[in-house]
Amino acid sequence: LLVTTDMLIEDIHFDRSWIDPYHLGKKALFVNLSDIASMGGIPKYFLISIGLPKNLSLSFISSFYRGLKEGAKRFQVDLIGGDTSLSSKIVINICLLGEGKKGDLLFRGGAKVGNDLFVTGTLGDAALGLKMLQRNGPSGGPRRLIEKHFSPSPRVQLGQAIAKYRFATAMIDVSDGLLIDTHHLLEESGVGARIWEEQIPLSYLYRKWIHVYSNNPYQIALSGGEDYELLFTAPIKMRKRISSLALSYKIPITRIGKILPMRDGLRMIR
C-alpha cells in the first residue's frame, strides 16, 4: 500500500488571479499522482479535504471539481471521500492511495556508486512560467511555459515501466527542484553524485526566455521546482534500454550525472 498527501494553500502555492479553478483542481491531484509515479506504483483512490471562503462562487467550486474529476478519470483513480470546512483562504489537501507489488516498487534508497543519474522531460519550465505570472500575470509570456506551471504531467505510466522492468535502482520525483531532490535521493542511498550542468535538459522556450529573468541560464532549472519529472539512477548496462523506453513513450530521458561515493558529496560540474 502506498500513501501520499500534498497541500495547496492560496497565496502560497497558487494565486486565484493567475490560475482558473479547472486547472487548480487538476493540479491538486496531479502533484499527488507524481509521488506515486516516482515509486512505479499504481494510483487507486483519493480523499480531498478542502477549506473554502464564504464568498467563493458555486461556479468556482463546480469548475474546480470538474478539473479534479477529469484528472481522476484520465489516471483511473476514484474519489472516495473527504471533508469541507469554512476557511479565510482556499486550502486543498489530497490524500492519495496507491498500490504495487513489493518487488516492482522503487525507493529513494537504492542508488549504487557507478550508477548513471537520469531525468525525464525538461527542467525549469514550470518555475520560469511562475516567474512570468508573478511579473506580468496570465498573459505575461509563452502559454506553454505558463501551462507547465498550471498543468504538470505526472509520469505515472513511465514510472511504472521503469520500475517493472528493473531499469532503475532508486527514483524520486522533481518537485522541490533538481538540486534539493537529488540531495534527498543521495541522503537516502548514502552516496554522492556528480551532475554536468550542460547536460541538464532545457526546452527551446526556456532557453529563449531565461535571459529575461536570470543571468545564469541553469539557475531556475536547478532550483525552481514543480517540474514533476522523474529523477532516477540506473546501472550503466541499462543505457540502451532506457533510450528505447524514451522513444516508446515519446518522453526524453537524459543522462545528467553519475553516482559517486558518499564522501564526494554532490558536485556540480560547470
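Treat the numbers as computed from the prediction; the structure is a model and nothing was measured.

Definitions and limits used
- Residues numbered from 1 in each chain as written.
- Predicted model: local features only at pLDDT ≥ 70, side-chain atom pairs only at ≥ 80, totals over all residues.
- Heavy atoms only, no water.
- Phe/Tyr/Trp six-rings, centres within 6.5 Å; stacked < 30°, edge-to-face > 60°.
- Buried < 20%, exposed > 50% of the residue type's maximum accessible area, 1.4 Å probe, protein only.
- Lys NZ or Arg CZ within 6 Å of the ring centre and 35° of its normal.
- Helix = DSSP H or I, 4+ residues; strand = E, 2+ residues; numbered from the N terminus.
- Core = buried A, V, L, I, M, F, W, Y, C linked by side-chain atoms within 4.5 Å.
- Contact = heavy atoms within 4.5 Å.
- Salt bridge = Lys/Arg side-chain N within 4 Å of Asp/Glu carboxyl O.
- Pairing = 2+ DSSP bridges.

1. Section: the packing of aromatic side chains
Argument step 1. This model, assessed by the stated rule, comprises four aromatic pairs.
Argument step 2. An angle of 35° between the planes, with centres 5.9 Å apart, marks the rings of Y165 and F167 as tilted.
Argument step 3. Overall, Y165 belongs to the partly exposed group, its relative accessible area being 46%.
Argument step 4. Classification of F167 as buried rests on a relative accessible area of 7%.
Argument step 5. Positioned above the aromatic ring of F60, the side-chain terminus of R16 is 5.9 Å from the ring centre.

2. Concerning unusual backbone geometry
Argument step 1. A positive phi is found at Q76, a non-glycine position, where the angle reads about 55°.
Argument step 2. Within the secondary structure, Q76 is located in the loop between α2 (58–74) and β3 (78–86).
Argument step 3. Given the relative accessible area of 69%, Q76 is considered exposed.
Argument step 4. Non-glycine residue R166 carries a positive phi angle of around 60°.
Argument step 5. For R166, the location among the structural elements is in the loop between α5 (156–164) and β6 (170–174).

3. Comments concerning the environment of I195
Argument step 1. Summarising the element assignment, I195 is placed in strand β7 (residues 192–196).
Argument step 2. Sequence separation of I195 and Y206 is eleven residues, and the distance between their C-alpha atoms is 20 Å.

4. A word on the nonpolar core
Among soluble globular proteins, nonpolar side chains are generally buried collectively.
Argument step 1. Within the largest apolar cluster, 50 residues are counted, with the highest numbers of intra-cluster contacts made by L29, I92, I162 and F232.
Argument step 2. At seven residues, the largest contribution of residues to this core is made by helix α1 (residues 21–37).
Argument step 3. In contact with F232, other than residues within four places in its own chain, are D116, L117, F118, T120, I162, A168, A170, M171, I242 and I253.
Argument step 4. One finds L117, L145, I195 and I200 within the second-largest nonpolar core, a separate group that totals 30 residues.

5. Some details on the pattern of salt bridges
Argument step 1. Evaluation of the coordinates by the stated rule reveals twelve salt bridges.
Argument step 2. A salt bridge links D11 to K89; its shortest N-O distance comes to 2.9 Å. Of this pair, D11 sits in the loop between β1 (2–9) and α1 while K89 sits in the loop between β3 and β4 (91–99), placing them 78 residues apart in sequence.
Argument step 3. The partly exposed category is assigned to D11, whose relative accessible area is 44%.

6. Notes on the pairing of strand β8 (residues 229–234)
Argument step 1. Counting buried positions along β8 gives six out of six residues, so the element sits mostly inside the fold.
Argument step 2. Because side chains alternate across β8, one face comprises the buried residues E229, L231 and T233, and the other comprises L230, F232 and A234, equally buried.
Argument step 3. Across four bridges, the pairing between strand β5 (residues 116–120) and β8 is antiparallel. Across the sheet, the residue bridging to V119 is L231, located in β8.
Argument step 4. Across five bridges, β6 lies against β8 in antiparallel orientation.

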